[in-house]
Amino acid sequence: MGITRKDFLHAAGSMALLTIVPRHVLGKGHIAPSDQLTKGIIGVGSMGRGHVNLGGTRLVAICDVRQDSMELGRKLSKDKMAEYADYRKLIEDPNVDIVHIATPPHWHGIMAAEAARAGKDIWCEKPMTRTIGEGKRVMEAVKRHGNIFRLNTWFRFSDTFYGMGTTVKPIKKLVDSGLLGWPLTVTVSAHTGFNWKFFWVGKETLETQPVPAGLDYDMWLGPAPYKPFNRHRVYDGNFRGYWDYDGGGLGDMGQHYLDPVQYFLGKDGTSPIKVEVDAPAQHYDAVGTWRQIVFTYEDGCKIILNGENYGDTNAPYIAGPKGNLYAGFRCDIPDIENKLMEYPDPEPQNDDFIDCVKNRKKFALNEINGFRSCTLVNMALAALRLNRTLNFDPETLLFTDAAANRLIDQPMRAPWSI
């Protein structure tokens, strides 16, 4: 039996191979840890083009169902690239090492699972998946096939976190120190920038329009229910305002805000047991606004999401029984910086995706902890759609509400499945 690229990379990582092995020695589709990785992008709209520069990779293939996006995608590289209208052809391309999924979220689960089964490593835009069930299938596929998966929100390991004036590392150190006490309440609202894209909602009345030339609308819909075409469903990012494809501003941006909270609270292996919503009744098709969402964990920790101009804008970002942390990393514990010097820093994170691929190391934000933070978003969206409090079991990954459980694994339009 011939050695596969994945087997070789596993062996190379475990032996810390330093020898440069030419690609032609390994055969077509194989790559040495010292070699340059290749990638293909599915969805060359604004997100696909904006995150094209993965250091240490070469773009060899692009795919989109919109010809206008493909025209822009051709400008991403001076080298000749393969061009596909069907994402399955890109996934099957033996010259592609990494599949970058930058489509609307209703495609993320199917594409990630198929890429995993094809032996590709995966860079997926947020949210990880549109439903909890799709996230479970992606986790299973990646585990079974040994892929390296990266979810593209990075605040748990780099960049200044929204409104806090610091990276998440010192916040994690403060929480781990116990100086704030336990349990903690984290409030995410306008003072942390959470009002950005809050009003990304859909239109409740859409007239039928002709499908424009250059768009494969049936393929764009894919697993989503058929709805007559209207530009607002597809173009200019407005698809985020419809339940079939995303979940409004919360679906679009929620994981950016919530993933670091899961991390610094030490909740990467679990989920809240309850989600409460304060919101007007939602339309069956178009995502609407909301006032407040509250998550509660089994140990009493809470995450509060406040909508536009809702709640106390002076509330601490983290409130604990012994102290509070405010935006700008202001703490009401005296001499907090010197006190923190007595405590260890958080464990280092594997935040170099290319190194993780070459040496077969799990990336800092992967299919497991990424699934858990995406589950926060999808729990909230289920509660919003049903407009009621939901109780959740973090072990079985099921609600106690039958209607909510139907939103975990939603039907897909034939012939699509995951």
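As the structure is a prediction and not an experimental result, all values here were calculated from the model.

Criteria and cut-off values
- Residues numbered from 1 in each chain as written.
- Predicted model: local features only at pLDDT ≥ 70, side-chain atom pairs only at ≥ 80, totals over all residues.
- Heavy atoms only, no water.
- Salt bridge = Lys/Arg side-chain N within 4 Å of Asp/Glu carboxyl O.
- Buried < 20%, exposed > 50% of the residue type's maximum accessible area, 1.4 Å probe, protein only.
- Phe/Tyr/Trp six-rings, centres within 6.5 Å; stacked < 30°, edge-to-face > 60°.
- Helix = DSSP H or I, 4+ residues; strand = E, 2+ residues; numbered from the N terminus.
- Lys NZ or Arg CZ within 6 Å of the ring centre and 35° of its normal.

Participant: Tell me what's going on with the pattern of salt bridges, and back it up with residues and numbers.
Facilitator: Within this structure, the stated rule accounts for 22 salt bridges. With a closest N to O distance of 2.8 Å, Asp86 and Arg88 form a salt bridge. The class of Arg88 is partly exposed, set by a relative accessible area of 33%. A salt bridge links Glu367 to Lys362; the shortest N-O distance between them is 2.6 Å. Overall, the relative accessible area of 41% leaves Lys362 in the partly exposed class.

Participant: If you had to explain the packing of aromatic side chains to someone new, which residues and values would you point to?
Facilitator: Evaluation of the coordinates by the stated rule reveals 25 aromatic pairs. Ring centres of Tyr87 and Trp416 lie 6.2 Å apart, and the angle between their planes is 40°; this geometry places the pair in the tilted category. You can see Tyr87 sitting in helix 5 (residues 87-92) and its partner Trp416 sitting in the segment after helix 15 (402-406), a full 329 residues away along the chain. Note on Phe353 and Phe363: the rings are 5.9 Å apart at their centroids and 85° apart in plane angle, and the pair reads as edge-to-face. Pair noted here: Phe353 is in helix 13 (residues 353-359) and Phe363 is in the loop between helix 13 and helix 14 (369-386), with a separation of 10 residues, a long-range link. Put simply, the rings of Trp154, Phe155, Phe161, Tyr162, Phe194, Phe198, Phe199, Tyr257, Phe264, Trp290 and Tyr317 touch in pairs and so form one group of aromatic residues. Taking NZ or CZ as reference, Lys172 lies 5.0 Å from the ring centre of Tyr263, over its face. Over the ring of Tyr235 we find Arg231, and its NZ or CZ is 4.0 Å from the ring centre.

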